[in-house]
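The primary structure of each chain is shown beneath.
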Amino acid sequence: MTLHQGRHFLNIPGPSPVPERVLQAMDRQVIDHRGPEFGRLGREVLEGCRAIFQTEGPVVIFPGSGTGAWEATIVNTLSPGDRVLMFETGHFATLWSKMAARWGITVEFVPGDWRHSADPAIVEAKLAQDRAHAIKAVMVVHNETSTGVTSRIAQVRHAIDAAHHPALLLVESISGLGSADLRHDEWGIDVTVACSQKGLMLPPGLGFTAISQKARAASKTN
Ligand SMILES: Cc1ncc(COP(=O)(O)O)c(C=O)c1O
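Draft legend 1. Representation of the site of the ligand. Taken together, Gly14, Ser65, Gly66, Thr67, Phe92, Val141, Thr145, Glu172, Ile174, Ser175, Cys195 and Pro204 make up all the residues around the ligand. Partitioning the shell around the ligand into residue classes produces five nonpolar, six polar and one charged.

Structure, rendered in structure tokens:
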């Protein structure tokens, strides 16, 4: 049997270690989850999240892991039969595309070698060909944890705009947010998906989505 001394250090890309001062802050008695103190805390946290995502819009917090926030993004912005454009940048893009397919979405999955990011030139070419605007969303994994491949989200946005196409830009930044530069509003992202246990260095169990005005409108007609 191995005896560990001190705190165990989990040496994997996530869950990342929770800083000591956060662990200590968690070590206190619960508060009333229906009381005014929780209401104030909730508002403060939701407000603070906007700065992390660099957005003026709302951020939603889900009790769930990042995968739950993936699913929430799909079901709230898309409908069965919709088409989406995705890129095989690695393991997580592959899993997210399979989840979309299970929800009845037709995924055009641009093959890749897990060494290259989503190609903005391909985004522009595919969307320019789609004159009927059948493609409802471009879905990109910002940072592929398994390979370290990071996609250029601002350039993907420019490509969508250059094609004059109305597709939503859905970005999975589960291991990007808090670790890599991520600018929800400036980069024109419609939904940014994230979770608690990577760049935010919190325990697993919370998923996040930052949502643009356009994505909110799409969710109402969905
Ligand atoms: C890029 C990426 N997406 C999705 C996931 C899945 O997140 P979760 O385990 O919180 O569901 C991970 C987890 O490692 C990840 O690194």
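That shown, we press on.
Draft legend 2. Region of the structure containing the environment of Ser16. Within the secondary structure, Ser16 sits in the segment before helix H1 (20-26). Here Ser16 falls in the partly exposed class, since 18 other C-beta atoms lie within 10 Å of it. If we ignore the near neighbours within four places in the chain, the residues touching Ser16 are Gln197, Lys198 and Met201.

Draft legend 3. Expanded view of the sheet that holds strand S1 (residues 59-63). Overall, mixed pairing links the seven strands, which are arranged S1-S9-S8-S7-S4-S2-S3 in an open sheet. Strands with a single pairing partner mark the edges of an open sheet, and in this sheet they are S1 and strand S3 (106-110). Strand-to-strand twist across the sheet, computed as the mean angle between neighbouring axes with direction ignored, equals 20 degrees. The pairing of strand S4 (residues 135-141) with strand S7 (residues 168-172) spans five bridges and is classified as parallel. Residue pairing for S7: Val138 is matched across the bridge by Leu169. Taken strand by strand, helix H3 (residues 66-77) contacts S1, S4, S7, strand S8 (191-195) and strand S9 (206-211), and its axis lies near 160 degrees from that of S8.

Procedures and definitions
- Within each chain, residues carry numbers counting from 1 in the order of the written sequence.
- Local features are withheld for residues below a pLDDT of 70 in this predicted model, meaning they are given only at 70 or higher, and side-chain atom pairs are given and counted only at 80 or more; totals for whole chains, interfaces and linings count all residues.
- By definition, a residue lies near a molecule or strand when the C-beta atom built from its backbone is within 6 Å of it.
- Under the convention adopted here, Pro, Cys and the residues Ala, Val, Leu, Ile, Met, Phe, Trp and Tyr are nonpolar, Asp, Glu, Lys and Arg are charged, and Gly plus all remaining residues are polar.
- Counting from the N terminus, the helices are the DSSP runs of H or I reaching at least four residues and the strands are the DSSP runs of E reaching at least two.
- Put simply, a residue is buried when 20 or more other C-beta atoms lie within 10 Å of its own C-beta and exposed when 12 or fewer do; between those, it is partly exposed, and each C-beta is set from the backbone.
- What counts as a contact is two residues whose backbone-derived C-beta atoms lie within 7 Å of each other.
- Strands pair, by our definition, only if DSSP identifies at least two bridges between them.
- Axes, fitted as lines to C-alpha atoms, cover a helix only where it is in contact. Angles between the N-to-C directions of the axes lie from 0 to 180 degrees.

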